[in-house]
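# Descriptive structure summary
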Amino acid sequence: MGIRGNQEMPEEFTVGDIAQRQVLNCSPDLCIADAAQKMRESACSSIIVMVNGIPEGIWTERDALSIDFSDLSLIERPISEVMSTPLKTISNSTSLSKAAVKLRKLGLRHFLVLDDDENFVGMVSQTDIILNQSVDHFLDLRQVGSALRQPLVMVEGTASLSEVVRKMQEFHSDAAVVDDIDGKGYGIITERDIIRLTAERRISETAHEIASRPLITIPVSAALVRAKDLLEKQKFRHVGVTGNNGGLLGLLSFSDILESNQYNYVSKLEEAVKERDNALLRSEENLKLAHKVIDAAPDAIMIVSADGKIE
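These notes cover the structure that comes with them. As the structure is a computational prediction, the values presented were derived from the model and not from experiment.

Thresholds, definitions, all that
Residues numbered from 1 in each chain as written. Predicted model: local features only at pLDDT ≥ 70, side-chain atom pairs only at ≥ 80, totals over all residues. Heavy atoms only, no water. Helix = DSSP H or I, 4+ residues; strand = E, 2+ residues; numbered from the N terminus. Buried < 20%, exposed > 50% of the residue type's maximum accessible area, 1.4 Å probe, protein only. Arc of directions from axis to C-beta. Polar contact = N/O pair within 3.5 Å; in protein donor to acceptor, adjacent residues only side chain to side chain. Contact = heavy atoms within 4.5 Å.

## Description of the environment of Lys 228
By the element assignment, Lys 228 lies in helix 8 (residues 224-234). On the basis of relative accessible area, Lys 228 is assigned to the buried category, the value being 7%.

In structure tokens:
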């Protein structure tokens, strides 16, 4: 992803500086299951559909939730039938803060990056943008509960994959919690699991059979930076959040933490810009007032420095 470390990134840093140049792609006639396999092998959350070297569409982990998993034959259909189009693009000269705001407003996770001649040069994701802005300092004084955004989607262990996916779609969630069965603890099924199961053509198993266990949890009052460190250390994308009584309140994803951080970063940036504009306005008003005083004065006015030097 081209992460730039923990240094503060200058505002003039652009999308083109962090865009991924090597993009996972496939032909439009590749079947959905094989496209999912390519995504799984490359640990990518999206794949670009190319025709003669030109991007025609995109298929993502989120798009996989639109498949009807009650019909095994559907995952053998060409990827062109389910890809998202038209593609959303952004100029490589766009600043990271503007790109982040645009992603959030459009509800997207990816942009194709175009150069000044509008040629395709790569891709940038929400994670790429946010991680490269180095806003970790917003995590220090915040609790896990402040970033808890997703509704808790709970499914029974006997639920089919199609039922799980349907419920994730209904609540616009990227993961579902599977009920505790036989004291084995809660399980979890994520968008990435859907891609894996599609690639393996294992779409007829129950939630209990496909869920990952145990679900790692963290208290709602814990520092947000602790949740981020836990996810990075365990190489997970989600962690369960428990209340004061130990009950499960919801799921916190790595993207929730990043998006929450990004919101704070952009808010602070907007506040700084607003303060600057107000200061400029006050300065302009003071200057106009000074001009009026000078124009109305009957005598000549001389400006001198503190030590009496004529300026």
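## Structural notes on helix 5 (residues 161-170)
Among all positions in helix 5, only Leu 161, Ser 162, Val 164, Val 165 and Met 168 are buried. All buried residues of helix 5 lie within an arc of 160 degrees about the axis, which places them on one face of the element. Positive phi shows up at His 172, right after helix 5, with a value of about 50 degrees.

## Side note on unusual backbone geometry
Thr 85 connects to Pro 86 through a cis peptide bond whose omega is 0 degrees. Mapped onto the elements of the fold, Pro 86 is located in the loop between strand 3 (54-60) and strand 4 (89-91). Backbone geometry places Asn 52, a non-glycine residue, at a positive phi of 55 degrees. By secondary structure assignment, the location of Asn 52 is in the loop between strand 2 (46-51) and strand 3. Backbone geometry places Arg 201, a non-glycine residue, at a positive phi of 55 degrees. Note on placement: Arg 201 falls in the loop between helix 6 (191-199) and helix 7 (207-210).

## Here's the deal with the side chain of Ser 173
Looking at where Ser 173 falls in the secondary structure, it is placed in the loop between helix 5 and strand 8 (175-178). With a relative accessible area of 1%, Ser 173 lands in the buried category. Among the polar contacts made by the side chain of Ser 173, one reaches the main-chain carbonyl oxygen of Ala 175 at a distance of 2.8 Å. Leaving out residues up to four positions away in the same chain, Ser 173 has contacts with Arg 62, Leu 65, Gln 150, Pro 151, Val 153, Met 168 and Glu 191.

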